[in-house]
Amino acid sequence: MNTNAPAPDTAPAGPRAWLVWSIAVAFVIFYFSFQTGYSIVNASVQRDVDLDIAQVGLIAATYTWAFAICQFLSGPLLDRLGARKVLLPAIVLVTIGVFVFASARSFGTLMLSQLIIAVGACTGFVGAGYVGGSWFGWAKYSFMFGLVQFAASLFSAFNQNLLGLALDHMHWRPLFGYVGAFGVVLLIAAVLWLRDPAPVVAPTREPFLSNVAKSMLAVARIPHTWVAAVAGAFCFGVMLALGVVWAPKLLLVRGHGVDSANLAASLLWLGLAAGCFIAPWLSDRLRRRKLPMIVGIGIQIFALALLLYAPPMLAPFDFFLCFAFGFGNSAHMLAFSTAADVVEPRYIGTSAAIVNGLMFIVGGLMISRPGLRGGLALETGIAPGTQDMAQFAGRPLLAGLVIALVIALLMRETYPSAR
């Protein structure tokens, strides 16, 4: 990322490094709590602010697309300015946005809160990866980035249930007021302790926007960056579609009750958390990116095919398939690793931003496809809520994984010692 960062063999990895990394990860969890929380409280928001269903969807879409677009700038900003100068304003923006959301009385104010939060949150995940590489050494970048996703996924497995319990005892406005208060505490901690391991010296003569554009262009010119990004995008896009919307609906079709279906969906995130702890470590042990990606995507295809086409079975079997799918989906983290392998260290943040931005763009498309296919299924006479409808609607997700597998099979190995 920056040329002044410590070399891999001299990067500090003591208590201070873990403190800085923990603050960066806490920021990811902070804004992720808002992302996942909206799916729980949107019905209450709709009622209290007098929204129609189209406005509820537009609010969520505004956040997703603004977040995805801003992702492409987050990496160059980190490469040029370092973590402290980027993440401190980001925490401020997300905190302000959460307070605006909690006090919103109109559709326009809610939209404004989404834009503020999205602009701040866009730097969080890539920023935490940046902190891991700069403080622990770029040789450990893949493993530390995997730990970031591990923490975020583990939190996702329980967050919606925790928010549901909290909403049983308080209104959504004070609840998100408390979320905003956590942001204030996090900001104080970041001001006190969030630092870069070495000063980041940016070019003084080149205009800021010109430098950002040059970083983006330097990475975009490398074909393998896009190969990695597309494979990771299809892989993670299916996970996002299942984990955010469609897994509970699929499990209901397979005969689960509401609570059982929600539990199974949470196991997707739990499996992803476990996989993200193992996949980058295994990649470094094997000194391979390609093989772990192929195996992980293969596990996902196998698990999703059984969920779509196998006859309904006992709940533990479906629980295992959901966990296995999430575990295999950790292969998408290696898209960041293989993209980082082919760029100069000062462009690693930019490569991560391109990969992550494309993941969320494709994720938005993947979320929408089963719903569109479901409507088409009704038009063709397939009975709603049946296994046939689930299979018909779920085919784009399975096709996305097959595309990811083909790309992973064809892409070149990039692990530094294997080239």
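Description of the structure in this document. (Residues numbered from 1 in each chain as written. Predicted model: local features only at pLDDT ≥ 70, side-chain atom pairs only at ≥ 80, totals over all residues. Heavy atoms only, no water.)

Some points on the overall build of the protein chain
Working step 1: The secondary structure content of the protein chain amounts to 15 helices and 0 strands.
Working step 2: Looking at the protein chain as a whole, 56% of its 419 residues qualify as buried.
Working step 3: Surface summary for the protein chain: the accessible area is close to 16900 Å², and the carbon and sulfur share equals 71%. (Helix = DSSP H or I, 4+ residues; strand = E, 2+ residues; numbered from the N terminus. Buried < 20%, exposed > 50% of the residue type's maximum accessible area, 1.4 Å probe, protein only. Areas by Shrake-Rupley, 256 points an atom, 1.4 Å probe, with all protein chains shown as cover.)

Some thoughts on the nonpolar core
Working step 1: In terms of nonpolar packing, the biggest core is built from 127 residues, with Phe-27, Tyr-31, Phe-101, Phe-176, Leu-242, Leu-304 and Phe-325 touching the most fellow members.
Working step 2: If we ignore the near neighbours within four places in the chain, the residues touching Phe-325 are Val-238, Met-239, Leu-242, Leu-268, Gln-300, Ala-303, Leu-304 and Leu-401.
Working step 3: Ranked by size, the runner-up nonpolar core spans 5 residues in total, among them Met-293, Leu-334, Ile-407 and Met-411. (Core = buried A, V, L, I, M, F, W, Y, C linked by side-chain atoms within 4.5 Å. Contact = heavy atoms within 4.5 Å.)

Quick word on the pattern of salt bridges
Working step 1: The final tally for this structure, using the stated rule, is 4 salt bridges.
Working step 2: Of the charged contacts in the structure, one is a salt bridge between Asp-318 and Arg-254, with a shortest N-O distance of 3.0 Å. Of the two residues, Asp-318 is situated in helix 12 (residues 315–329) and Arg-254 in the loop between helix 9 (223–253) and helix 10 (258–286); the sequence distance between them amounts to 64 residues. An identical accessibility class is assigned to Asp-318 and Arg-254; each is buried.
Working step 3: Close ionic contact of Asp-341 with Arg-289 constitutes a salt bridge, the shortest N to O distance being 2.8 Å. Of this pair, Asp-341 sits in helix 13 (residues 333–341) while Arg-289 sits in the loop between helix 10 and helix 11 (290–309); the two residues are 52 residues apart in sequence, bridging distant segments of the chain. Like Asp-341, the residue Arg-289 is buried in the burial classification.
Working step 4: Because the salt bridges share partners, they merge into one network encompassing Asp-284, Arg-289 and Asp-341. (Salt bridge = Lys/Arg side-chain N within 4 Å of Asp/Glu carboxyl O.)

Observations regarding the packing of helix 11 against helix 12
Helix packing geometry: the angle between the two helix axes and the distance between the axes.
Working step 1: Relative orientation of the contacting elements helix 11 and helix 12 amounts to 150 degrees, with a least axis distance of 8 Å. Our classification of the angle between helix 11 and helix 12 gives roughly antiparallel. Crossing handedness for the pair helix 11 and helix 12: left-handed. Between helix 11, through Gly-296, Ile-297, Ile-299, Gln-300, Ala-303, Leu-304, Leu-306 and Leu-307, and helix 12, the contact on the second element is made entirely by Phe-317, Asp-318, Leu-321, Cys-322, Ala-324, Phe-325, Gly-328 and Asn-329.
Working step 2: When the residues that make up the contact of helix 11 with helix 12 are grouped by side-chain class, the tally is 11 nonpolar, 4 polar and 1 charged. (Axes fitted to C-alpha atoms, helices over the stretch in contact; angles between N-to-C directions. Parallel < 35°, antiparallel > 145°, perpendicular 65-115°, else oblique. Left-handed = near helix turned anticlockwise from the far one by under 90°. Nonpolar A, V, L, I, M, F, W, Y, C, P; charged D, E, K, R; others polar.)

Some thoughts on a nonpolar patch on the surface
Working step 1: Taken together, the side chains of Phe-277, Ile-278, Trp-281, Leu-282, Leu-286, Leu-291 and Val-295 present a nonpolar region at the surface, about 620 Å² in accessible area.
Working step 2: When contributions to the nonpolar patch are tallied by element, the ones reaching two or more residues are helix 10 and helix 11.
Working step 3: Relative to the assigned elements, Trp-281 resides in helix 10. (Patch = residues over 30% accessible without salt bridge, like charges linked within 9 Å, V, L, I, M, F, W, Y side chains within 5 Å.)

Side note on the packing of aromatic side chains
Working step 1: Summed over the entire model, instances satisfying the criterion amount to 16 aromatic pairs.
Working step 2: Centroid distance Phe-34 to Phe-101: 5.0 Å. Interplanar angle 90 degrees. Geometry classified as edge-to-face. With Phe-34 in helix 1 (residues 15–49) and Phe-101 in helix 3 (residues 83–103), this pair connects stretches of sequence that are 67 residues apart. The pair Phe-34 / Phe-101 is uniform in exposure class, with both members buried. (Phe/Tyr/Trp six-rings, centres within 6.5 Å; stacked < 30°, edge-to-face > 60°.)

Side note on helix 4 (residues 107–121)
Working step 1: The terminal C-alpha atoms of helix 4 lie 21 Å apart, and with 15 residues this matches the ideal 21 Å at 1.5 Å per residue to within 8%.
Working step 2: Within helix 4, the full set of buried residues consists of Leu-110, Met-111, Ser-113, Gln-114, Ile-116, Ile-117, Ala-118, Gly-120 and Ala-121. (Expected span 1.5 Å × (residues − 1).)

Considering the environment of Leu-286
Working step 1: As for its position among the elements, Leu-286 is in helix 10.
Working step 2: Overall, Leu-286 belongs to the partly exposed group, its relative accessible area being 41%.
Working step 3: Each C-alpha atom, one on Leu-286 and one on Tyr-415, is 9.5 Å from the other, the two residues being 129 residues apart in sequence.

What about the state of the cysteines?
Working step 1: For the coordinates displayed, the defined rule picks out 0 disulfides.
Working step 2: A disulfide-free cysteine, Cys-122 has its sulfur positioned 4.8 Å from the sulfur of Cys-70, the nearest such atom. (Disulfide = S-S within 2.5 Å.)

Some words on the environment of Thr-225
Working step 1: Tracing the backbone shows Thr-225 in helix 9.
Working step 2: Assessed through its relative accessible area of 0%, Thr-225 is described here as buried.
Working step 3: Through-space distance from the C-alpha of Thr-225 to that of Val-355 is 7.7 Å; in sequence the pair is 130 residues apart.
Working step 4: With residues up to four places along the chain from it excluded, the contact list for Thr-225 reads Val-219, Val-342, Val-343 and Ile-354.

Notes on unusual backbone geometry
Working step 1: Positioned with a positive phi, Arg-287 is a non-glycine residue whose angle comes to about 55 degrees.
Working step 2: Looking at the element boundaries, Arg-287 is found in the loop between helix 10 and helix 11.

Here we look at helix 10
Working step 1: Its 29 residues place the ends of helix 10 41 Å apart at the C-alpha level, agreeing with the 42 Å of an ideal helix rising 1.5 Å per residue.
Working step 2: Along its length, helix 10 shows its largest kink, about 30 degrees, at Gly-275.
Working step 3: A positive phi of about 55 degrees marks Arg-287, the residue just after helix 10. (Bend = angle between axes of the 7 residues up to and from the residue.)

A look at the packing of helix 10 against helix 12
Working step 1: Between helix 10 and helix 12, the least distance of the axes is 6 Å, while the angle of their chain directions is 35 degrees. Crossing handedness for the pair helix 10 and helix 12: right-handed. Contacts between helix 10 and helix 12 involve Ser-260, Leu-263, Ala-264, Leu-267, Leu-268, Leu-270, Gly-271, Leu-272, Ala-274, Gly-275 and Ile-278 from the former and Phe-319, Cys-322, Phe-323, Phe-325, Gly-326, Phe-327 and Asn-329 from the latter.
Working step 2: Residues belonging to the contact of helix 10 with helix 12 are distributed by class as follows: 13 nonpolar, 5 polar and no charged.

Some thoughts on the environment of His-256
Working step 1: Along the chain, the position of His-256 falls in the loop between helix 9 and helix 10.
Working step 2: A distance of 2.7 Å separates polar atoms of two side chains, one belonging to His-256 and the other to Ser-260. (Polar contact = N/O pair within 3.5 Å; in protein donor to acceptor, adjacent residues only side chain to side chain.)

Things to note about the side chain of His-256
Working step 1: The buried category is assigned to His-256, whose relative accessible area is 8%.
Working step 2: The residues contacting His-256, other than those within four sequence positions of it, are Leu-251, Ala-261, Ala-315, Asp-318 and Phe-319.

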